[in-house]
Amino acid sequence: YNSKIISVKVSRENQTGEEPGISDGFAGITYAAKAGYYSGLFTIINNSWGGGGYSLYEQAVVNECHNDYNAIIVCAAGNGSTSGWGESDEAHYPSGYDNVVSVCALGNNNQWNHWATYGTTVDLASPGENIRSTTNNGYASWDGSSMASPVAGSVFGLVKAYNPEWNNEMVEMMVLSAADP
(Lines give C-alpha, C1' and ligand atoms only; values in the text may rest on other atoms or scores of the structure.)
Protein backbone atom coordinates (compact mmCIF):
# COMPACT_ATOMS: atom_id res chain seq x y z
CA TYR A 1 0.00 0.00 0.00
CA ASN A 2 1.78 3.11 -1.26
CA SER A 3 5.08 1.31 -0.69
CA LYS A 4 8.18 0.34 -2.58
CA ILE A 5 10.21 -2.74 -1.74
CA ILE A 6 13.91 -3.30 -2.34
CA SER A 7 15.90 -6.36 -1.47
CA VAL A 8 19.43 -5.93 -0.20
CA LYS A 9 22.00 -8.65 -0.69
CA VAL A 10 23.87 -9.33 2.56
CA SER A 11 25.73 -12.53 1.61
CA ARG A 12 28.85 -13.00 -0.48
CA GLU A 13 29.08 -15.11 -3.61
CA ASN A 14 32.23 -16.98 -2.56
CA GLN A 15 30.86 -18.35 0.72
CA THR A 16 30.71 -22.12 0.93
CA GLY A 17 27.87 -24.28 2.16
CA GLU A 18 24.28 -24.83 1.18
CA GLU A 19 23.16 -21.52 2.65
CA PRO A 20 25.76 -18.75 2.50
CA GLY A 21 24.73 -17.02 5.73
CA ILE A 22 24.62 -13.34 6.57
CA SER A 23 28.10 -11.88 6.15
CA ASP A 24 27.22 -8.23 5.50
CA GLY A 25 24.00 -7.70 7.47
CA PHE A 26 24.94 -4.39 9.03
CA ALA A 27 26.28 -3.00 5.77
CA GLY A 28 22.89 -3.98 4.33
CA ILE A 29 21.04 -2.16 7.11
CA THR A 30 23.11 0.96 6.41
CA TYR A 31 22.56 0.69 2.67
CA ALA A 32 18.79 0.35 3.06
CA ALA A 33 18.54 3.21 5.55
CA LYS A 34 20.55 5.56 3.33
CA ALA A 35 18.71 4.49 0.16
CA GLY A 36 15.37 5.40 1.70
CA TYR A 37 16.60 8.59 3.32
CA TYR A 38 18.38 10.02 0.28
CA SER A 39 15.50 9.17 -2.06
CA GLY A 40 13.13 11.11 0.19
CA LEU A 41 11.29 8.00 1.31
CA PHE A 42 10.63 6.42 4.69
CA THR A 43 12.55 3.22 5.42
CA ILE A 44 11.38 0.12 7.28
CA ILE A 45 14.11 -2.51 7.29
CA ASN A 46 13.18 -6.14 7.94
CA ASN A 47 15.91 -8.41 9.29
CA SER A 48 14.83 -12.05 9.31
CA TRP A 49 18.18 -13.22 10.62
CA GLY A 50 20.24 -13.11 13.76
CA GLY A 51 22.12 -14.82 16.54
CA GLY A 52 25.54 -14.18 17.99
CA GLY A 53 26.53 -11.81 20.72
CA TYR A 54 26.52 -8.11 21.43
CA SER A 55 28.76 -5.83 19.38
CA LEU A 56 29.35 -2.14 20.10
CA TYR A 57 29.97 -1.57 16.37
CA GLU A 58 26.64 -3.19 15.41
CA GLN A 59 24.77 -1.14 18.03
CA ALA A 60 26.39 2.01 16.60
CA VAL A 61 25.22 1.07 13.07
CA VAL A 62 21.67 0.56 14.32
CA ASN A 63 21.76 3.87 16.23
CA GLU A 64 23.02 5.77 13.17
CA CYS A 65 20.34 4.30 10.89
CA HIS A 66 17.57 4.95 13.41
CA ASN A 67 18.67 8.41 14.57
CA ASP A 68 20.31 9.92 11.46
CA TYR A 69 18.34 8.25 8.65
CA ASN A 70 14.90 7.96 10.34
CA ALA A 71 14.71 4.20 9.69
CA ILE A 72 12.58 1.67 11.54
CA ILE A 73 14.58 -1.51 12.01
CA VAL A 74 12.44 -4.63 12.56
CA CYS A 75 14.21 -7.85 13.58
CA ALA A 76 13.30 -11.48 14.15
CA ALA A 77 13.59 -12.18 17.89
CA GLY A 78 14.81 -15.75 17.42
CA ASN A 79 13.37 -19.23 17.49
CA GLY A 80 14.06 -20.16 21.05
CA SER A 81 17.01 -21.89 22.60
CA THR A 82 20.36 -21.79 20.82
CA SER A 83 20.59 -25.53 21.42
CA GLY A 84 17.35 -26.16 19.50
CA TRP A 85 13.77 -24.92 19.30
CA GLY A 86 12.26 -24.40 22.72
CA GLU A 87 11.47 -21.62 25.16
CA SER A 88 14.23 -19.09 25.53
CA ASP A 89 14.78 -15.64 26.89
CA GLU A 90 18.41 -15.60 25.70
CA ALA A 91 19.80 -12.45 24.13
CA HIS A 92 19.63 -12.49 20.34
CA TYR A 93 21.08 -9.95 17.92
CA PRO A 94 20.36 -7.73 16.06
CA SER A 95 16.93 -8.03 17.71
CA GLY A 96 18.40 -7.32 21.16
CA TYR A 97 19.86 -3.93 20.27
CA ASP A 98 18.39 -0.59 21.30
CA ASN A 99 16.48 1.25 18.53
CA VAL A 100 15.30 -2.06 17.05
CA VAL A 101 11.77 -3.49 17.10
CA SER A 102 12.18 -7.13 18.12
CA VAL A 103 9.40 -9.48 16.97
CA CYS A 104 8.46 -12.82 18.54
CA ALA A 105 6.48 -15.42 16.57
CA LEU A 106 2.91 -16.35 17.48
CA GLY A 107 1.06 -19.46 16.42
CA ASN A 108 -2.53 -19.93 15.38
CA ASN A 109 -5.19 -17.94 17.24
CA ASN A 110 -2.61 -15.50 18.66
CA GLN A 111 -1.12 -18.21 20.89
CA TRP A 112 2.53 -18.32 21.85
CA ASN A 113 3.48 -21.96 21.44
CA HIS A 114 6.48 -21.95 23.77
CA TRP A 115 9.21 -22.25 21.17
CA ALA A 116 10.04 -18.68 20.16
CA THR A 117 12.39 -16.31 21.95
CA TYR A 118 10.70 -14.05 24.49
CA GLY A 119 11.84 -11.72 27.25
CA THR A 120 12.81 -8.15 27.92
CA THR A 121 14.36 -7.55 24.48
CA VAL A 122 11.17 -8.57 22.62
CA ASP A 123 8.90 -5.64 21.75
CA LEU A 124 5.91 -7.36 20.17
CA ALA A 125 4.67 -10.56 18.59
CA SER A 126 3.01 -11.30 15.26
CA PRO A 127 1.92 -14.37 13.30
CA GLY A 128 4.88 -16.64 12.67
CA GLU A 129 3.54 -20.15 12.07
CA ASN A 130 2.39 -21.58 8.77
CA ILE A 131 3.21 -18.36 6.89
CA ARG A 132 3.15 -18.66 3.11
CA SER A 133 6.29 -17.41 1.36
CA THR A 134 8.10 -17.68 -1.93
CA THR A 135 10.76 -20.27 -2.72
CA ASN A 136 12.95 -20.79 -5.78
CA ASN A 137 10.26 -23.05 -7.26
CA GLY A 138 7.00 -21.55 -6.03
CA TYR A 139 5.57 -21.25 -2.53
CA ALA A 140 5.88 -23.00 0.83
CA SER A 141 4.71 -22.49 4.41
CA TRP A 142 7.29 -21.65 7.07
CA ASP A 143 7.45 -21.14 10.83
CA GLY A 144 9.66 -18.78 12.80
CA SER A 145 10.30 -15.26 13.95
CA SER A 146 11.82 -14.69 10.50
CA MET A 147 8.27 -15.02 9.18
CA ALA A 148 6.79 -12.87 11.97
CA SER A 149 9.06 -9.84 11.55
CA PRO A 150 7.99 -8.94 7.98
CA VAL A 151 4.34 -9.26 9.04
CA ALA A 152 5.02 -6.74 11.81
CA GLY A 153 7.05 -4.58 9.41
CA SER A 154 4.05 -4.27 7.14
CA VAL A 155 2.02 -2.85 10.03
CA PHE A 156 4.61 -0.09 10.46
CA GLY A 157 4.28 0.59 6.73
CA LEU A 158 0.50 0.91 6.94
CA VAL A 159 0.70 3.26 9.92
CA LYS A 160 3.23 5.43 8.08
CA ALA A 161 1.11 5.43 4.90
CA TYR A 162 -1.82 6.86 6.86
CA ASN A 163 0.40 9.31 8.75
CA PRO A 164 3.07 10.46 6.27
CA GLU A 165 4.16 13.38 8.46
CA TRP A 166 5.20 11.10 11.35
CA ASN A 167 8.85 10.25 11.96
CA ASN A 168 10.14 6.78 12.88
CA GLU A 169 9.75 7.25 16.63
CA MET A 170 6.13 8.35 16.28
CA VAL A 171 5.27 5.36 14.07
CA GLU A 172 7.05 2.95 16.44
CA MET A 173 5.32 4.41 19.47
CA MET A 174 1.87 4.15 17.87
CA VAL A 175 2.31 0.50 16.83
CA LEU A 176 3.85 -0.59 20.12
CA SER A 177 1.32 1.24 22.27
CA ALA A 178 -1.66 -0.01 20.22
CA ALA A 179 -0.58 -3.68 20.22
CA ASP A 180 -2.43 -6.09 22.51
CA PRO A 181 -0.48 -6.46 25.76
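Quick caveat: nothing in here was measured; it's all calculated off a predicted structure.

## Points about helix H2 (residues 56–67)
And step 1. Its 12 residues give H2 an end-to-end C-alpha distance of 16 Å, which sits within 8% of 16 Å, the value for a rise of 1.5 Å per residue.
And step 2. Regarding H2, the residues found buried are Gln59, Val61, Val62, Cys65 and His66. All buried residues of H2 lie within an arc of 155 degrees about the axis, which places them on one face of the element. Of the exposed residues in H2, the ones pointing more than 90 degrees away from its buried face are Leu56 and Tyr57.
And step 3. Looking at the buried side of H2, the elements it contacts are helix H1 (25–38), strand S2 (72–76) and helix H4 (168–178).
And step 4. The opening residue of H2 is Ser55, an N-cap whose side-chain oxygen sits 3.3 Å from the backbone nitrogen of Tyr57.

## A look at the state of the cysteines
And step 1. With the rule as written, the count across this model stands at 0 disulfides.
And step 2. Not engaged in a disulfide, the cysteine Cys75 finds its nearest cysteine sulfur in Cys65; these two sulfurs lie 11 Å apart.
And step 3. Distance from the sulfur of Cys104, which forms no disulfide, to the nearest cysteine sulfur (Cys75) is 14 Å.
And step 4. A relative accessible area of 5% means that Cys104 is categorised as buried.

## Quick word on the nonpolar core
And step 1. Judged by nonpolar contacts, the single largest core of 18 residues is most densely connected at Ile72, Val101, Val103, Leu124, Phe156 and Val171.
And step 2. Sorting the residues of this core by element identifies S2, strand S3 (101–106), helix H3 (145–162) and H4 as the ones contributing at least two each.
And step 3. Among all residues touching Val101, those that are not within four sequence positions of it are Ile72, Ile73, Val74, Cys75, Asp123, Leu124, Phe156, Glu172 and Leu176.
And step 4. The next biggest cluster of nonpolar side chains, apart from the first, holds 16 residues, and it includes Phe26, Ala32, Cys65 and Tyr69.

## Quick notes on the environment of Ala105
And step 1. For Ala105, the position within the fold is in strand S3.
And step 2. By relative accessible area, Ala105 is classed as buried at 1%.
And step 3. Along the primary structure Ala105 and Ser145 are separated by 40 residues, whereas in three dimensions their C-alpha atoms are 4.6 Å apart.
And step 4. Ala105 has contacts with Trp112, Trp115, Ala116, Ser126, Gly128, Gly144, Ser145 and Ala148, leaving out every residue within four places of it along the chain.

## Section: H3
And step 1. Compared with the 26 Å implied by 1.5 Å per residue over 18 residues, the 26 Å span of H3 between its first and last C-alpha is a close match.
And step 2. Taken together, the buried positions of H3 are occupied by Ser145, Met147, Ala148, Ser149, Ala152, Gly153, Phe156, Gly157, Val159 and Lys160.

## Quick look at the packing of H1 against H2
And step 1. Across the interface, H1 lies against H2 with an axial gap of 10 Å and an inter-helix angle of 10 degrees. Of the possible angle classes, the one that applies to H1 and H2 is roughly parallel. Note on element contacts: H2 touches H1 through Glu58, Val61, Val62 and Cys65, opposite Phe26, Ile29, Thr30 and Ala33.

Rules and cut-offs
Residues numbered from 1 in each chain as written. Predicted model: local features only at pLDDT ≥ 70, side-chain atom pairs only at ≥ 80, totals over all residues. Heavy atoms only, no water. Helix = DSSP H or I, 4+ residues; strand = E, 2+ residues; numbered from the N terminus. Expected span 1.5 Å × (residues − 1). Buried < 20%, exposed > 50% of the residue type's maximum accessible area, 1.4 Å probe, protein only. Arc of directions from axis to C-beta. Contact = heavy atoms within 4.5 Å. Polar contact = N/O pair within 3.5 Å; in protein donor to acceptor, adjacent residues only side chain to side chain. Disulfide = S-S within 2.5 Å. Core = buried A, V, L, I, M, F, W, Y, C linked by side-chain atoms within 4.5 Å. Axes fitted to C-alpha atoms, helices over the stretch in contact; angles between N-to-C directions. Parallel < 35°, antiparallel > 145°, perpendicular 65-115°, else oblique.

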